[in-house]
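This is what each chain is made of:
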Amino acid sequence: MALFILVSFHLILQVQPQNVPQPELSVSPSVLTVRGSVQLDCKTPSAGVSQCYFYPEGDETNIKHSPSCQLSLTGSELTRWTGHSYRSPQSVNITCYYTVDEFRNQAESPHSLPAAVTVLVLDAPQLSVSTSGRSSVQLNCTPPYAGLSQCYFYPEGHESNLKFPSCQLSLTGAELTTWAGRSYSSLQSTNVICYYSVKISDRWRPSTHSLPAPVIILDKKPTITVSYEDRRHEFRFVCEISLSVGADVGCDFYLGDEKIKWMMSQRTRSGSLACSFIAHKNFLFSRMESAKSREVSCDYSLNSDQTVHSPLSDSHSLTQLPPLPTPKTTTQLTKLKSTTEALDTVSTHPMETTKDALTTHSTQDDHIQKLSRRTFFILLLLTTSVSVLLAGVMIVCLCRFIRKQRTARSFKVNSNSGTKEDVTAMVSVEDKSVPNLNYSMIESVPTPSQPSGPSGDTQDLSEGNQDVVYHFYCSITDIVTDS
């Protein structure tokens, strides 16, 4: 009988825990920041609960217990307890159970369903300021997580004056002045702060605010004055800045859109800042040709940050400089100069062409010079060929004329002398030794050379060498005797 009672009592103890109901875990709030707190409540429907236990899902050995079945934790404590380092919005599941004291034994309840808790480690963003053009700034609010685009900007001390939702904000100096609600007559800065927000459970959770970023407003337009010295042919430029507070400021001088000089500012007697420099007329004219403008202007910037520039001053026209040549006039002058140089080169050195005569300052002029060079070479070649041809024709004609003249003169001489080639000459000789005795010597000699023309050149009309034949004839005259 006693054994039966003991066995029954043991069975009752084993069956009793199965009748312990499952608890329900509630979390309030379900989303919190690192500095916020969360209340965990393990609701037990049974009486006589002695202890409640809480643990992260999947880590049953990492237990926190509470006799009241309620547990309050901050966001940082929850982060350390779960062992997670949240660099983006994530959730962690918490589970609880309880124990009941019955018949001097503890009965463990079934474990509750997991409850999600979101811990937002919303670190402060990084705020940077850069220039996005003349007299404008670009504000960039960079969150620690990617994919967040809901950002807010406000001037320090005016948290309700927000600009959102983009994480990039571009403002001109005038817009920044209006937004900040201040008017600057000196080089002062306004501090801008930003933060971002994350939407969790249909609610936007703001992050920690960034550190203030100073933004310099250069909204004062400078004034430029120009004076000219006739004797030295020099210009003096002065860029005056109306600022009441001293600062390290530099000025940039422009000719059109081209920067020609940077100068450091100095304090004037009137209390304003001014930059000045002197330039010669030839220097400005050379820069004017490259800038294609005669309008001079200036602006200023801080030496500590030369990326932010003030508005440009009103431009001033340099009337003392010669007018800019028009594109049509420049092209005509270039063509005329190139043509003249090419003609001079061809006349003095037909086989060489100087580089200076073919050099131009534009692609179109260079093409024209190449065509001119080719044309002149063709003309030179044609002229030379025609001259050689005419000289050859003249030489042939002259030779034929000379040959014809010689033939005509030779025919005339033969006609006058007949068919004989010799001319008979009678030479009378007196022999004084024989008185009254005369004899004659007839001599056959070659025909004398005849002149061929006005030049006096002689032409031998004999066709061969013949021996000279001497014929002696004696004549005895009647001797008159004295009777």
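Residues numbered from 1 in each chain as written. Predicted model: local features only at pLDDT ≥ 70, side-chain atom pairs only at ≥ 80, totals over all residues. Heavy atoms only, no water.

Re the side chain of Q138
- Looking at the secondary structure, you find Q138 in strand β11 (residues 136-142).
- Leave out the neighbours within four places in its chain, and Q138 touches S128, V129, S130, S132, Q168, L169 and S170. (Helix = DSSP H or I, 4+ residues; strand = E, 2+ residues; numbered from the N terminus. Contact = heavy atoms within 4.5 Å.)

A closer look at unusual backbone geometry
- Put simply, S28 and P29 share a cis peptide bond, and its omega is -10°.
- Structurally, P29 can be placed in the loop between β1 (24-28) and β2 (31-33).
- Residue P165 is bonded to the preceding F164 through a cis peptide linkage, with omega at 10°.
- Summarising the element assignment, P165 is placed in the loop between β12 (151-155) and β13 (168-172).
- At C69, a position not held by glycine, the phi torsion is positive, near 65°.
- Among the secondary structure elements, C69 is positioned in the loop between β5 (64-66) and β6 (70-74).
- On the basis of relative accessible area, C69 is assigned to the buried category, the value being 6%.
- For H233, which is not glycine, the phi torsion reads 55° and is therefore positive. (Buried < 20%, exposed > 50% of the residue type's maximum accessible area, 1.4 Å probe, protein only.)

Things to note about the state of the cysteines
- Counting across every chain of the model gives 6 disulfides.
- Two residues share a disulfide in this structure: C42 and C96, whose sulfurs sit 2.2 Å from each other. An S-S torsion of about 80° defines the bridge between C42 and C96 as right-handed. Placement of the pair is C42 in strand β3 (residues 37-43) and C96 in strand β7 (residues 90-102), with a sequence separation of 54 residues.
- C42 gets classed as buried once you look at its relative accessible area, which sits at 2%.
- Accessibility expressed as a relative area gives 0% for C96, which makes it buried.
- Here C239 is linked by a disulfide to C298, with a sulfur-sulfur distance of 2.1 Å. With the S-S dihedral at roughly 80°, the linkage between C239 and C298 falls on the right-handed side. With C239 in strand β18 (residues 234-241) and C298 in strand β23 (residues 295-302), this residue pair connects regions lying 59 residues apart in the sequence.
- Using a relative accessible area of 0% as the deciding quantity, one classes C239 as buried.
- Its relative accessible area of 0% is what places C298 among the buried residues.
- Each disulfide of the protein chain joins two cysteines, and with those cysteines numbered along the sequence the arrangement is 1-4, 2-3, 5-8, 6-7, 9-12, 10-11. (Disulfide = S-S within 2.5 Å.)

Concerning the pairing of strand β4 (residues 49-56)
- The buried fraction of β4 is high, at 6 of 8 residues.
- Relative to β5, β4 runs antiparallel, the two being bridged by 3 bridges. Bridge assignment links Y53 to a residue of β5, and that residue is H65. (Pairing = 2+ DSSP bridges.)

Quick word on the pattern of salt bridges
- By the definition in use, this model includes 4 salt bridges.
- We note a salt bridge from E229 to R231, for which the minimum N-O separation is 3.5 Å.
- Exposure remark for E229: the relative accessible area of 33% places this residue in the partly exposed category.
- A salt bridge links D252 to K259, with the nearest nitrogen and oxygen atoms 3.9 Å apart. (Salt bridge = Lys/Arg side-chain N within 4 Å of Asp/Glu carboxyl O.)

Brief notes about the confidence of the model for the protein chain
- For the protein chain, the average pLDDT comes to 75, and 65% of its residues sit at 70 or higher.
- When mean pLDDT is taken per element in the protein chain, β12 scores highest with 94 and strand β25 (residues 422-430) scores lowest with 43.
- In the predicted structure, residues 342-364 sits below a pLDDT of 50 and forms 27 contacts with residues beyond four places in sequence or in another chain.
- Of the regions scoring below 50 in pLDDT, residues 418-468 engages in 67 contacts with residues more than four places distant in sequence or in other chains. (pLDDT = per-residue confidence, 0-100.)

Side note on the packing of aromatic side chains
- Counted under the stated rule, the structure contains 9 aromatic pairs.
- Where Y152 meets F164, the ring centres are 5.3 Å apart and the plane angle is 40°; that geometry is what we call tilted. One end of the pair, Y152, is in strand β12; the other, F164, is in the loop between β12 and β13, and 12 residues separate them in sequence.
- Looking at Y152, the relative accessible area reads 13%, which means it is buried.
- On the basis of relative accessible area, F164 is assigned to the exposed category, the value being 52%.
- Ring geometry for Y152 and Y195: centres 4.9 Å apart, planes at 20°, overall stacked. You can see Y152 sitting in strand β12 and its partner Y195 sitting in strand β14 (residues 189-200), a full 43 residues away along the chain. Across this residue pair, the class does not change: Y152 and Y195 are buried.
- Joined through ring pairs, the aromatic side chains of Y228, F235, F237, F253 and F277 make up one cluster. (Phe/Tyr/Trp six-rings, centres within 6.5 Å; stacked < 30°, edge-to-face > 60°.)

Topic: the nonpolar core
- Ranked by size, the top nonpolar core spans 46 residues in total, and within it L40, F54, L78, V117, L139 and F153 carry the most contacts.
- At 5 residues, the largest contribution of residues to this core is made by β7.
- Of all hydrophobic cores here, the second largest spans 26 residues; its members include F235, Y300, L302 and V308. (Core = buried A, V, L, I, M, F, W, Y, C linked by side-chain atoms within 4.5 Å.)

Quick word on the sheet that holds strand β20 (residues 258-264)
- Spatially, 4 strands are ordered β20-β19-β23-β24 in an open sheet, and the strand pairing comes out antiparallel. Edge strands, defined here as strands with exactly one partner in the open sheet, are β20 and β24 (316-317).
- Judged from the 2 bridges that link them, β23 and β24 form a sheet pairing that is antiparallel. Each bridged residue has a counterpart across the sheet, and for V296 the counterpart in β24 is H316.
- Lying over the sheet, helix α4 (residues 281-291) contacts β19 (249-255) and β20, oriented at roughly 135° with respect to β20. (Axes fitted to C-alpha atoms, helices over the stretch in contact; angles between N-to-C directions.)

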